[in-house]
Amino acid sequence: MAAGQIGYGVPSSLSAKVTGSFAYLTIRDRMPTILTKAVDTIHRNKNKFFEEHGEAGISAEKQAISLLSKLRNELQTDKPLLELMDGLSDTESWNQYMQRQQRQLGDQELVSWFKSPWLYVECYMYRRIQEAIWLNPPINNFDVFNEGKTQSFFESQQAVMALCTYLGDVQKSMEKLSENQLSEHFNKLLQVSLWGNKCDLSISAGQENSQKASPIDSLPSLQSFILVNDSNMVWLTLNSSRRPEGSGQKTADRVDIVLDNAGFELVTDLVLADFLVSSGLARHIHFHGKCFPWFVSDVTANDFQWTIRQTMAANHKWMSKSGYQWQSYLNEGIWSYHDHPFWTQPHEFCDMAADAPDLYATLQEADLVLFKGDLNYRKLTGDRAWGHTVDFCTALRGFEPAPLCSLRTLKANVQVGLQPGQGEKLSTQDPSWMTNGKYAVIQFHRPKLE
Ligand code: F6P
Ligand code: MG
């Protein structure tokens, strides 16, 4: 067996054991910074806590800050990870997962920040942030990342307006569109949702004329940065399930979208979902979000509802129209929002069938599952040191609840399914291609036993 492999053909998890690796730098530099910002945010909200809860608010603020500062110290000094103590419904499962990690590490050393898999310790940090908040009523519903999420929504208003206007135009002419035109619009909106993952700000925000720039207009210049583009397979999957009702065959029923970030990215996902429903490509959309604030900008139920309310309230005809449309999809049950606790656990998705069989069974009911973003890609592939030419199917290790597609910009150093030589060429041209968010994949897999 080759070095760095844990079983036949399965490489080891990425971790900070390799000094200077992206995992190492993230744990050493970026994660403590996130904790410092969380402390700062809580402190800046001190007056608000006092106004709302009096002295109890202030004492909760102090206590939460002290727990987060302790957490930062544990991380920076590579202390063993500690069991969770907040007694919530997922606490036991987190503690069991820690024991599982310990068994894999053996008796020689304890599970710790720089020795354990990066995916696990990074997820664990967000769960510990949540513990620090939950243990401190009356501020136990405070979202330390909320400010950044709302700011990113407001900063991308021009792009959101342009996108909603585009959607409105498409919908006006929907009846008259040829199959080719429909597929062109589908591809554009799929790519907007893809690039929405690049960052929370609009694709065009960096340009000087961001006032006028539309995310749709930016697509041609981004085309060559899509390293794997299976959008045709996604289109075929939607169409093969789009059969006339009464034909005795299965009709297109459900597309699931496993959401990633709030802000502009969420709007791109809602626009895509609206297009899928209004074009008849899908009858229902299930959105999957997070139960608590996660990886700084991930969507929670609160972010989801807030975004739709803000869109409805916009002083822009097409934007507000879209918002009202989205709310009515929710009211009619055409759209629904779900937040299973598995999405805020550290497992690779190949564990889902065994560790969250109810969620796996739910996903099996979908005609297509879209996984947004980098963290979902890391969990799909187990965040392992796979060679770049390994098949996506191999890296999924049996995770195939339904036809699935990852829409991901590359922000972490795992990438499979490339052509021979493609990774080497990219490494020469742009050494940080796997982490700088400039590249993306639309990567599809269909279960073999459908
Ligand atoms: O830059 C790396 C990172 O912080 C990873 O930890 C994580 O996979 C990713 O960013 C989050 O990105 P996304 O929101 O696309 O999942
Ligand atoms: Mg995210």
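Given the structure is predicted, the values throughout are model-derived calculations rather than measurements.

Asks: Teacher, can you tell me more about the overall build of the chain here?
Replies: Secondary structure summary: the chain contains 18 helices and 9 strands in total. What you see for the chain is a C-alpha radius of gyration of 22 Å, in line with the 22 Å of a compact globule of 450 residues. For the chain, the spread of C-alpha atoms along the principal axes amounts to about 65 × 60 × 45 Å. When contacts within the chain are restricted to residue pairs at least 6 apart in sequence, those whose partners lie at least 24 apart make up 77%. Element-wise, carbon and sulfur atoms account for 50% of the exposed surface of the chain, whose accessible area totals about 19,200 Å².

Asks: Help me understand the sheet that holds strand 8 (residues 404-409), please; the structure alone is not making it clear to me.
Replies: For sheets, the rule is that strands pair by backbone hydrogen bonds, running either parallel or antiparallel. An order of 3-9-8-7-4-5-6 is seen for the 7 strands of this open sheet, with the pairing classed as mixed. Looking at which strands have only one partner, the edges of the open sheet turn out to be strand 3 (226-229) and strand 6 (335-338). Put simply, the sheet's adjacent strands are angled 15° from each other on average, direction ignored. Against the sheet, helix 16 (residues 373-380) makes contact with strand 4 (254-258), strand 7 (368-372), strand 8 and strand 9 (440-445), and its axis sits at roughly 130° relative to strand 8, the strand it touches most.

Asks: Would you mind going over the coordination of the magnesium ion (ligand 2) with me for this structure?
Replies: Coordination angles at a metal have ideal targets, namely 109.5 degrees for four tetrahedral donors and 90 or 180 degrees for six octahedral donors. Distances from the magnesium ion (ligand 2) to its protein donors, Asp-260 (OD), Asn-261 (OD1) and Asp-298 (OD), fall at 2.1 to 2.3 Å. Read N to C, the donor residues that coordinate the magnesium ion (ligand 2) are spaced as D-N-x36-D. Of this pair, Asn-261 sits in the loop between strand 4 and helix 11 (264-278) while Asp-298 is found in the loop between strand 5 (284-288) and helix 12 (301-312), placing the two residues 37 residues apart along the sequence. Since its relative accessible area comes to 2%, Asp-298 is described here as buried.

Asks: What's the story with the pairing of strand 7 in this structure? I'm lost.
Replies: In regular strands, side chains alternate between the two faces of the sheet. Of all 5 residues in strand 7, 5 are buried; the element is thus mostly enclosed. Neither face of strand 7 is exposed, since Leu-368, Leu-370 and Lys-372 on one face and Val-369 and Phe-371 on the opposite face are all buried. Relative to strand 7, strand 4 runs parallel, the two sharing 4 bridges. Directly across from Val-258, in strand 7, lies its bridge partner Phe-371. Of the pairings in the sheet, the one linking strand 7 to strand 8 comprises 4 bridges and is parallel in character. Of the residues in strand 8, the one forming a bridge with Leu-370 is Cys-405.

Asks: Sorry, what's going on with the packing of aromatic side chains here?
Replies: Working definition: an aromatic ring pair is given by the centre-to-centre distance plus the angle between the planes. In total, this model carries 32 aromatic pairs according to the counting rule given. Here Tyr-24 and Phe-114 contribute two aromatic rings whose centre-to-centre distance is 5.8 Å and whose plane-to-plane angle is 70°, an arrangement assigned as edge-to-face. Remark: Phe-114 occurs in the loop between helix 4 (91-105) and helix 5 (118-134) and Tyr-24 occurs in helix 1 (residues 22-44); sequence separation between them is 90 residues. This pair shows no difference in class: Tyr-24 is buried, exactly as Phe-114 is. Taking 5.6 Å as the distance between ring centres and 40° as the angle between the ring planes, the aromatic pair formed by Phe-349 and Phe-399 counts as tilted. Separated by 50 residues along the polypeptide, Phe-349 in the loop between strand 6 and helix 14 (352-355) and Phe-399 in the loop between helix 17 (392-396) and strand 8 bring together distant segments of the chain. Through pairs of rings, three or more aromatic residues link up here, namely Tyr-126, Trp-134, Phe-145, Phe-292, Trp-294 and Phe-295. Its guanidinium or amino end placed over the ring of Trp-118, Arg-378 lies 3.5 Å from that ring's centre, counting from NZ or CZ.

Asks: When you look at the domain arrangement of the chain in this model, what are you seeing that I'm missing?
Replies: For interface size, the figure often reported is the accessible area lost on association. Domains assigned within the chain are domain 1 (22-135) and domain 2 (145-445). The distance between the C-alpha centroids of domain 1 and domain 2 comes to 29 Å. Each side of the interface is counted separately: domain 1 has 20 residues, and domain 2 has 21 residues. Buried surface at the junction of domain 1 and domain 2, summed over both partners, amounts to about 1,800 Å²; 64% is from carbon and sulfur atoms.

How each quantity is defined
Residues numbered from 1 in each chain as written. Chains lettered and ligands numbered in written order. Predicted model: local features only at pLDDT ≥ 70, side-chain atom pairs only at ≥ 80, totals over all residues. Heavy atoms only, no water. Helix = DSSP H or I, 4+ residues; strand = E, 2+ residues; numbered from the N terminus. Rg over C-alpha atoms; globule rule 2.2 N^0.38 Å. Contact = heavy atoms within 4.5 Å. Areas by Shrake-Rupley, 256 points an atom, 1.4 Å probe, with all protein chains shown as cover. Pairing = 2+ DSSP bridges. Axes fitted to C-alpha atoms, helices over the stretch in contact; angles between N-to-C directions. Donors = N, O, S within 2.8 Å, 3.2 Å for Na, K, Ca; no water. Buried < 20%, exposed > 50% of the residue type's maximum accessible area, 1.4 Å probe, protein only. Phe/Tyr/Trp six-rings, centres within 6.5 Å; stacked < 30°, edge-to-face > 60°. Lys NZ or Arg CZ within 6 Å of the ring centre and 35° of its normal. Domains from an automatic or database assignment. Buried area = accessible area lost by both parts, 1.4 Å probe.

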